[in-house]
Amino acid sequence: MALADYIQSKPTIETERLRLRPMAASDVPALREWLADRSIYTYWGKGPSRTDKDPALMFEKPERPTKSLHLGIEERDSGKVIGELWVYLIVNDRMATVAIRLAPSRQQMGYGTEALSAVTCFCFEHTELQRLCAEVDVRNVASWRMLEKCGFVREGMVRQGKMVNTWCDYYIYGLLRSDVAG
C-alpha cells in the first residue's frame with residue numbers, strides 16, 4: 001500500500017483501548033467537551049481556532065482529498081473522541097510530521113503513547129514513509145517524554161524559533177523506518 005491509497009478513504013487503526021479513525025459530525029458533542037479548553041493550547045503554538053471553539057464547523061465543507069491523515073482518537077470503552085492525531089506536511093511521500101493532542105481528562109493515562117505508537121507502526125508498515133518527525137516546545141515535558149517512549153530520537157533544539165505562531169525554544173524529534181525495522 002501507499003499514501004496514495006488513503007487519499008479518498010482514510011484508515012481506521014485499532015489498539016487495545018483506542019480506535020484511530022476519521023471523525024464524523026456525530027463526534028461534535030464529544031469534541032465540544034474538550035476542544036475549546038485553553039489548557040491544551042499552552043504548548044500548541046497557537047490558541048483555539050474557530051473550528052476548535054465550534055467543532056461543528058469541521059463538517060460543514062466536504063474534506064479535500066489529501067495524503068495527510070487527520071484522525072480522531074476514540075476511546076473504545078466510551079465511544080467518545082478524546083483526541084486528534086495528524087500525519088501531515090508530507091514531503092515526497094518519504095517524510096511526514098506528526099502531531100497529537102488529547103482531552104485534558106485523558107492525559108497522563110498512556111493514550112497518547114498508545115495512539116502515536118499505533119500510527120507510527122501503520123505509517124511504516126502500510127505506506128512508503130521513511131521518516132516521521134515532530135516539533136515540541138521544550139517546556140512540554142509530557143509530550144517529549146511520549147515521543148521518546150515511542151522511539152523518537154531528539155535530533156536537536158531550535159532556540160527562539162517560530163513553532164506555528166509562537167516564538168520559543170523547541171526540540172526536533174525524528175524516527176526512521178530503519179529505527180523500528182527488525
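A quick note: this is a predicted structure, and the numbers were derived from the prediction, not measured.

Reading the values: rules and limits
Residues numbered from 1 in each chain as written. Predicted model: local features only at pLDDT ≥ 70, side-chain atom pairs only at ≥ 80, totals over all residues. Heavy atoms only, no water. Helix = DSSP H or I, 4+ residues; strand = E, 2+ residues; numbered from the N terminus. Expected span 1.5 Å × (residues − 1). Buried < 20%, exposed > 50% of the residue type's maximum accessible area, 1.4 Å probe, protein only. Axes fitted to C-alpha atoms, helices over the stretch in contact; angles between N-to-C directions. Parallel < 35°, antiparallel > 145°, perpendicular 65-115°, else oblique. Left-handed = near helix turned anticlockwise from the far one by under 90°. Contact = heavy atoms within 4.5 Å. Nonpolar A, V, L, I, M, F, W, Y, C, P; charged D, E, K, R; others polar. Polar contact = N/O pair within 3.5 Å; in protein donor to acceptor, adjacent residues only side chain to side chain. Arc of directions from axis to C-beta. Salt bridge = Lys/Arg side-chain N within 4 Å of Asp/Glu carboxyl O.

A. Region of the structure containing helix H3 (residues 111-126). With 16 residues, H3 should cover 22 Å at 1.5 Å per step; its first-to-last C-alpha distance of 22 Å lies within 8% of that length. Of the positions making up H3, those classed as buried are Tyr-111, Gly-112, Glu-114, Ala-115, Leu-116, Ala-118, Val-119, Thr-120, Phe-122, Cys-123 and Phe-124.

B. Seen up close, the packing of H3 against helix H4 (residues 141-149). Where H3 contacts H4, the two axes come as close as 9 Å, and the packing angle between them is 45°. Taken together, the axis directions place H3 and H4 in an arrangement best described as oblique. Viewed along their axes, H3 and H4 form a crossing whose handedness is right-handed. Together, Gly-112, Thr-113 and Leu-116 of H3 and Met-146, Leu-147 and Lys-149 of H4 make up the contact between the two elements. Split by residue class, the contact of H3 with H4 holds three nonpolar, two polar and one charged.

C. Quick peek at the side chain of Glu-74. The residue Glu-74 is located in strand E3 (residues 69-75) in this model. Polar side-chain contacts of Glu-74 include one of 2.5 Å to the side chain of Arg-21. Among all residues touching Glu-74, those that are not within four sequence positions of it are Arg-17, Leu-18, Arg-19, Arg-21, Gly-79, Lys-80 and Val-81.

D. Summary view of H4. Buried within H4 are the following residues: Trp-144, Met-146 and Leu-147. Seen along its axis, H4 keeps its buried residues to an arc of 155°; they face one direction. Within H4, the exposed residues directed more than 90 degrees away from the buried face are Arg-145 and Lys-149. Close packing links the buried residues of H4 with strand E5 (95-102), H3, strand E6 (131-137), strand E7 (153-163) and strand E8 (166-176). Just past H4, the residue Gly-151 takes up positive phi, approximately 95°.

E. Unusual backbone geometry, seen in detail. One non-glycine residue with positive phi stands out, namely Leu-89, at about 50°. Topologically, Leu-89 is positioned in strand E4 (residues 80-91).

F. Focus on the pattern of salt bridges. Tallied over the full model, the rule gives 15 salt bridges. Notably, a salt bridge pairs Arg-32 with Asp-54, separated by 3.1 Å at the nearest N-O pair. Within this pair, whereas Arg-32 is found in helix H1 (residues 28-32), its partner Asp-54 is found in the loop between helix H2 (50-53) and E3, the two being separated by 22 residues in sequence. Given a relative accessible area of 28%, Asp-54 falls into the partly exposed group. The network of salt bridges with shared partners includes Glu-14, Arg-19, Arg-21, Asp-27, Glu-74 and Arg-76.

Fair warning: the whole summary comes from geometry, so function is off the table for now.
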